[in-house]
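Chain by chain, the residues:
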Amino acid sequence: MPGTLVAMPGVLPEGEPVPADGSLPATVTRAVGARGFGVYVHVPFCASRCGYCDFNTYTADELGGGASREGYADTVLTELALASRVLGGSPPPRVDTVFVGGGTPTLLPADDLARILDGIDRTWGLAADAEVTTEANPESVTPESLKTLRAAGYTRISLGMQSAAPGVLAILDRRHRAGRATEAAREARDAGFDHVNLDLIYGTPGESADDFAASLAQVVAAGVDHVSAYALIVEDGTRLAARMRRGELPYPSDDVAADRYLAAEAALDAAGFSWYEVSNWARTPAGRCRHNLLYWNGGDWWGLGPGAHSHVGGVRWWNVKHPAAYAKRLAAGESPGLAREVLTPDEAHTEDVMLRLRLASGLPLAVLDDAGRAGARRALADGLLDPAGYAAGRAVLTLRGRLLADAVVRDLLP
């Protein structure tokens, strides 16, 4: 499948302990921001849990004691103060991008989201052209809250539409009614947001080709400048996985997912969108999500919030998962970091190939070893890499190559 839904994972990897003060080696912090610097803020709250969701999110019933939405902004600002101390010995990086994700960030009051952004600006300073994104569920925003967010400095909003078909929304356990997502997109544009994204999921059991075509048509008609479309992936432990194990629903089909992807490419291309990453399309270069491009191109970012991941100078770490444990550590003056890892050159190379190959700009052939370049020649012969890009010294996926992106990656790695 060409694209799968990616967000804050529900299961954290293993690694070495993070020092109690969160400190990083001086050699790491000295070059922070060389490839850009961003801030990710994880808001782990949801009004209800979608059947496919395996993200680090919590409903009110799942939270228990020790954590609440009411005090969350202050807790995040406490971690931000710690981050400032950790990076204090290096030149303060200007923040190029901010991305507030979840969960449903817009379950927090708009004023709290404004305070968090103001805290980031006061700590490191936002670049004059900083991109500031928040995710939102369509039912969690109003024209008034959108105006407050825009006035606070948010420039971009990403709305979880998933589908225009009521039956598909019901299978995914989405709460918003069909049509609300495109209404919210128009409200965001009216509020002055520079960039508006709609997220789609395709390949849901029961979704017909006509259902997906209607979703694409509604997205185009909404006048947004960015679309993300991900193949449904069924995670163990979710309600959707349980329903499939019981035989209530069929498992997703790779062939159907490929057909849906081709339909998305055809409809979006005809409407003036261009792909810039396998699962993402924008009307103009300015509409591309710069925060995600920071990730894909190996930039630095600090992740605030429970379970949030950070990356600075080849060191990656992740916070404790539960909001109560996160708040408790910060209240005690300790880093919420659970574990970290220092990427080896081989690991960094693997990630570089995996991520940059998915971009329309492609991957320089010069970064590949002999075996990787031989794999690139095979992929070119098989029609998976673009001949013009290859002649210019880059591995750029063709449309067929996008459908088989994971296989091409395997061919380019040792």
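Residues numbered from 1 in each chain as written. Predicted model: local features only at pLDDT ≥ 70, side-chain atom pairs only at ≥ 80, totals over all residues. Heavy atoms only, no water.

- The name that an unreviewed UniProt entry assigns to the protein is Heme chaperone HemW, with the source organism given as Micromonospora haikouensis.
- Quoted straight from UniProt, the Subcellular location (unreviewed entry) entry for the protein says "Cytoplasm". (UniProt positions renumbered as here; feature names shortened; annotations may be inferred.)

**With respect to the confidence of the model for the protein**
Logical step 1: Averaged over all residues, the pLDDT of the protein equals 92, while 95% of them reach at least 70.
Logical step 2: Taken as a whole, residues 3-10 scores under 50 in pLDDT and shows 31 contacts with residues more than four places along the chain or in a different chain. (pLDDT = per-residue confidence, 0-100. Contact = heavy atoms within 4.5 Å.)

**A few points about the domain arrangement of the protein**
Logical step 1: Each domain of the protein was delimited in the assignment, giving domain 1 (29-342) and domain 2 (345-412).
Logical step 2: The gap between the C-alpha centroids of domain 1 and domain 2 is 28 Å.
Logical step 3: Counting from both sides, the interface comprises 16 residues of domain 1 and, opposite them, 11 residues of domain 2.
Logical step 4: Roughly 1300 Å² is buried in total at the junction of domain 1 and domain 2, and carbon and sulfur atoms are behind 59% of that figure.
Logical step 5: For domain 1, the biggest contributors to the area lost against domain 2 are Trp275, Val278 and Trp296; these three give 41% of the whole.
Logical step 6: Where domain 1 meets domain 2, there are three salt bridges.
Logical step 7: The residue Glu351 makes a salt bridge to Arg316 at a minimum N-O spacing of 2.8 Å.
Logical step 8: If you look at where domain 1 meets domain 2, you find six residue pairs in polar contact (both at pLDDT 80 or more).
Logical step 9: Sorting the residues of the side of domain 1 that touches domain 2 by element identifies helix H10 (254-270), strand S8 (274-277) and helix H11 (290-296) as the ones contributing at least two each.
Logical step 10: The biggest single contributor to the side of domain 1 that touches domain 2 is H10, with four residues.
Logical step 11: A breakdown of the residues in the side of domain 1 that touches domain 2 according to their chemical character gives 11 nonpolar, two polar and three charged. (Domains from an automatic or database assignment. Buried area = accessible area lost by both parts, 1.4 Å probe. Salt bridge = Lys/Arg side-chain N within 4 Å of Asp/Glu carboxyl O. Polar contact = N/O pair within 3.5 Å; in protein donor to acceptor, adjacent residues only side chain to side chain. Helix = DSSP H or I, 4+ residues; strand = E, 2+ residues; numbered from the N terminus. Nonpolar A, V, L, I, M, F, W, Y, C, P; charged D, E, K, R; others polar.)

**Considerations on the packing of aromatic side chains**
Logical step 1: Inspection of every chain in the model, using the stated rule, returns nine aromatic pairs.
Logical step 2: On the numbers, 4.9 Å between centres and 75° between planes, the contact of Trp302 with Trp317 is edge-to-face. Here Trp302 is found in strand S10 (residues 300-304), whereas its partner Trp317 is found in strand S12 (residues 315-319), with 15 residues between them in sequence.
Logical step 3: Among the residues examined, Trp317 registers a relative accessible area of 5% and is labelled buried. (Phe/Tyr/Trp six-rings, centres within 6.5 Å; stacked < 30°, edge-to-face > 60°. Buried < 20%, exposed > 50% of the residue type's maximum accessible area, 1.4 Å probe, protein only.)

**Thoughts on the pattern of salt bridges**
Logical step 1: Scanning the model with the defined rule gives 18 salt bridges in all.
Logical step 2: Here Arg180 makes a salt bridge to Glu183, at a shortest N to O gap of 3.4 Å. Taken together, the residues span about one helical turn, with Arg180 and Glu183 both in helix H7 (residues 180-190) at a distance of three residues.
Logical step 3: Note on Arg180: relative accessible area 11%, which makes it buried.
Logical step 4: Each of Asp74, Asp112 and Arg115 takes part in one network of salt bridges that share partners.

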